[in-house]
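Here are the chains, one letter per residue:
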Amino acid sequence: MKILLNLRVGWYLAVRQIRRSSKWSNGLIIFVMLLTFLNLVVVTGFLVGIVDGISNLFRAQETGDVVITAPKDKNYIEHSQQIISFLETLPQIEDMSARYSAGAQLEANYKERANANDKPNQTGTSIVGIDPEDEARFSDLPSFIGEGTYFQPNDYDAILVGAQLIDRYAFGGDIPGLTPLKNVYPGTILRMSVNGIEREVVVRGIITTTANSPLAARVFMPEAELRQLIGRDDYNVNQIALRLKSGVDAEQFRDLLIRSGINQTAVVQTFEQAIPSGVAEIRSTFEQMGNAISSVGLVVAAITIFIVIFINALTRRKYIGILKGIGISGSAIEIAYVFQSIFYAFIGSGIGLAILYGFLVPYVAKHPIVLPISNTIIVAPLSETLIRVALLVTATIIAGYIPARMIVKKNTLDSILGRN
Amino acid sequence: MTTILETKNLIKTFKTGDVETRVLKGISLSVHRGEFLAITGRSGAGKSTLLYQMSLLDEPTSGEIIIEGRNTHEMNEKEKMKFRLFKFGYVFQDYALLPELTAIENVTLPLLMEKYAMPMAHALAERALKDVGLGHRLHSLPSQLSGGEQQRVSIARAIAEKPEILFADEPTANLDRESSQSILQMFVELNKKGQTIIMVTHEEEYQKLAERVIQIDDGKIVATETN
């Protein structure tokens, strides 16, 4: 009962102290709390968003929501055409892209090479055979053509080259181990070697995306031609990427495909399962880095609140003495300061939440921040954000309580008379 | 007449570094229920220090204070706080009002601590303020009130819950003559209704209003006068 009484009196005091104190000082403290909240949530969200930006590219341009690939002991998916026919009957699928792939060597400027002992201008890559229309729908590949054009109908001996294979895009072309091609432009003739077969191909277009895009270091050609080069007469593809309609659960759909028996000749994975394992580790690393930076912000916020409340309590020491003198308990006075701290933390966090979910997250999701490494978004799951709000409120409660306690503990009469 | 407060050989010493200053040098006195006692003396004589000891705002170095038969030496800080809340009322020289609370809120606050429900506390506070003639300034902040009005709020706060003893430390020191007389007249009226008042003052004119005047000099009672 005593605690309820102290809470009641503390609340009575706190409300009036907040309501009638300077609007500027209140605004400043709330602004500090807002910045602290954003530092706590946005920094981590931004760092994780860098990795999720990469993941999203992977999803949008490579795997879709569910991807079917060849098992480890096979180069292709057996009975691919039956599987594709079955998939075409499923209403859950929005878009689909079936791809062939093979290792390839590309060589440029081979006609100008005067001496056989000169190092050839060549690079190794993965070549992907696509249905140009399906792929355009699936990954919006034409929109990434920075130079030249996308495939034309009936294109033959034409390829699209990822920018990371070309020296003027690929880190300046001086990274050890990477041998990007020199002097390659739309219209340049390259010598391509696939499966021991050499063929001259023309560069139709250059795909310019961020370095971590799955399109960045690949070569695309129409599927019919690659199928011919690799002798895939059975039409068995290497990968089938599926984008599901909005609201369809990827895991449930994967399970549906497994139940249908597709997993007997192929591996069926959701996007999360198919993502390279290193990406998850980078995500975790960035998350920890974000947490470390946020922790510093939290300490700074706690110190700020401590200083604000301490100065406030110190300048009001006389009144705190009077309160004690007329019989107001020390606990009630301390609670009044704790309520003030909570108020600042809640209002700061509340404004922060509104800015975060009302503006920052949706805006950056629509307009990702383009960084060399990825198109970065802000990742801020509500549950994690609320944990950070709780951390902030806890820190401010402690930071508000300690200075109030220090002043309340001083001798009542000394406080009233302003004696040290 | 029953004794409500009694001090026995009260000594208070202040220590600054190695220097000890004895401000009260063995004060013994009794205050009767319903009495209006004035404590006078020149500046630095120890009159306010004596009031602070008797009102449990400070701890004497030695000696005893007995209030309603209870030796305060045996009380812990929480019990003293309860005594201050439930039994005493205070009027300070500089009014001691909380600047961010309105007149009625200043008076309501200690009533809430006394476990009154908000409507009841509010009603008691309003009545007390009306009693001191401030029914029209209930919602004014201290900064919007004159010195005399602020001291009236302070008195309303002190008497709202009818304390056993009203302690007043130089209540008119910061007021003009008209306001001072009005405040003192209020004390006389309260005393007539049975309120025990212990007031420190250095103004001779106002000492005459008290039933008994004790004069302090150099930490000792040097004279007692009954009006």
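Per chain, residues are indexed from 1 in the order of the written sequence. Going through the entries in the order they are written, you letter the chains from A and number the ligands from 1. Given that this is a predicted model, residues contribute local features only at a pLDDT of at least 70 and side-chain atom pairs are listed and counted only at 80 or more, while totals for whole chains, interfaces and linings are drawn from all residues. Computation of side-chain values: all heavy atoms of the structure, hydrogens and water removed.

## Digging into the overall build of chain B
Link 1 in the chain: A run of H or I in DSSP counts as a helix once it spans at least four residues, and a run of E counts as a strand once it spans at least two, with each numbered from the N terminus. What chain B contains, in helices and strands, is seven helices and ten strands.
Link 2 in the chain: The C-alpha radius of gyration of chain B comes to 17 Å, within 12% of the 17 Å expected for a compact globule of 227 residues.
Link 3 in the chain: With respect to the three principal axes, the spread of C-alpha positions in chain B is 50 × 40 × 40 Å.
Link 4 in the chain: Within chain B, the proportion of its 227 residues that are buried is 56%. Only C-alpha atoms enter the radius of gyration; for comparison, a globular chain is expected to reach 2.2 Å times N to the power 0.38, where N is the number of residues. Relative accessibility thresholds used throughout: buried, under 20% of the residue-type maximum; exposed, over 50%; partly exposed, between the two (1.4 Å probe, protein chains only).

## Regarding the confidence of the model for chain B
Link 1 in the chain: Residue-level pLDDT values for chain B average 90, and 100% of them are 70 or greater.
Link 2 in the chain: Under the prediction, the complex receives an ipTM of 0.86, its pTM being 0.73. pLDDT is a per-residue confidence score from the predictor, ranging from 0 to 100.

## Things to note about helix 3 (residues 103-113) of chain B
Given 3.6 residues per helical turn, the α-helix brings residues three or four places apart onto the same face.
Link 1 in the chain: When you tally the buried positions in helix 3 of chain B, you get eleven out of eleven residues, the bulk of the element.
Link 2 in the chain: Note on contacts: a residue pair qualifies if any of its non-hydrogen atoms lie within 4.5 Å across the two residues. In this structure, the buried side of helix 3 of chain B is in contact with helix 1 (2-20), helix 9 (317-325) and helix 10 (330-366) of chain A together with helix 2 (77-86), helix 4 (118-131) and helix 5 (147-159) of chain B.
Link 3 in the chain: The first or second residue beyond helix 3 of chain B is B:Lys115, which carries a positive phi of 75°.

## Quick word on the environment of A:Asn375
Link 1 in the chain: Tracing the backbone shows A:Asn375 in strand 12 (residues 375-376).
Link 2 in the chain: Excluding its chain neighbours within four sequence positions, the residues that come into contact with A:Asn375 are A:Gly53, A:Thr210, A:Pro368, A:Ile369 and A:Val370.

## A few points about the packing of aromatic side chains
Link 1 in the chain: Centres within 6.5 Å make a pair out of two Phe, Tyr or Trp rings, where for Trp the six-membered ring is used; the pair is then stacked when the planes are under 30 degrees apart, edge-to-face when over 60, and tilted otherwise. Within this structure, the stated rule accounts for eleven aromatic pairs over all chains.
Link 2 in the chain: Ring plane angle 20° and centroid distance 5.3 Å describe the contact between A:Phe359 and A:Tyr363, whose orientation is recorded as stacked. Taken as a pair, A:Phe359 and A:Tyr363 lie in helix 10 at a separation of four residues, close to a single helical turn.
Link 3 in the chain: A:Phe359 gets classed as partly exposed once you look at its relative accessible area, which sits at 46%.
Link 4 in the chain: A:Tyr363 sits in the partly exposed class, given a relative accessible area of 43%.
Link 5 in the chain: Ring pairing ties together the aromatic residues B:Phe83, B:Phe88, B:Tyr90, B:Phe92 and B:Phe167, which thus form one cluster.
Link 6 in the chain: It is A:Arg16 that lies over the ring of A:Tyr12; its NZ or CZ is 3.6 Å from the centre.
Link 7 in the chain: Either the NZ atom of lysine or the CZ atom of arginine qualifies as a charge over a ring when it sits within 6 Å of the ring centre and within 35 degrees of the ring normal. If you follow B:Lys87 out to its NZ or CZ, it ends over the ring of B:Phe83, 5.9 Å from the centre.

## Quick notes on the layout of surface pockets
Rolling a probe over the atoms, with the probe sized like a water molecule, indicates the empty space that remains.
Link 1 in the chain: Definitions used for this entry: grid spacing 1 Å over protein atoms alone; cavity, a set of points where a 1.4 Å probe fits but cannot get out; pocket, an open set with protein on both sides within 12 Å along at least 5 of 7 lines; lining residue, one with an atom within 4 Å of a point. Grid points are joined across faces, edges and corners, and a volume is the space filled by probe spheres set on the points. Approximately 590 Å³ is the volume attributed to the largest pocket.
Link 2 in the chain: What lines the largest pocket is a set of 25 residues, and nearest its centre among them are A:Lys324, A:Gly330, B:Glu77, B:Lys78 and B:Met81.
Link 3 in the chain: Sorting the residues of the lining of the largest pocket by element identifies helix 1, helix 10, helix 11 (382-408) and helix 12 (412-417) of chain A together with helix 2 of chain B as the ones contributing at least two each.
Link 4 in the chain: Among the elements that line the lining of the largest pocket, the one with the most residues is helix 2 of chain B, at six residues.
Link 5 in the chain: A breakdown of the residues in the lining of the largest pocket according to their chemical character gives six nonpolar, six polar and 13 charged.
Link 6 in the chain: By volume, the second largest pocket amounts to about 380 Å³.
Link 7 in the chain: Among the secondary structure elements, those contributing two or more residues to the lining of the second largest pocket are helix 4 and helix 6 (177-192) of chain B.
Link 8 in the chain: With five residues, the single largest contributor to the lining of the second largest pocket is helix 6 of chain B. Any residue that is not Ala, Val, Leu, Ile, Met, Phe, Trp, Tyr, Cys, Pro, Asp, Glu, Lys or Arg is counted as polar, Gly included; the first ten are nonpolar and the last four charged.

## So, the side chain of A:Glu107
All names here are of chain A.
Link 1 in the chain: Tracing the chain through its elements places Glu107 in strand 2 (residues 93-108).
Link 2 in the chain: Residue class for Glu107 comes out buried when judged on its relative accessible area of 7%.
Link 3 in the chain: The residues touching Glu107, leaving out its near neighbours within four places in the chain, are Arg113, Pro120, Asn121, Gln122, Leu190 and Arg191.

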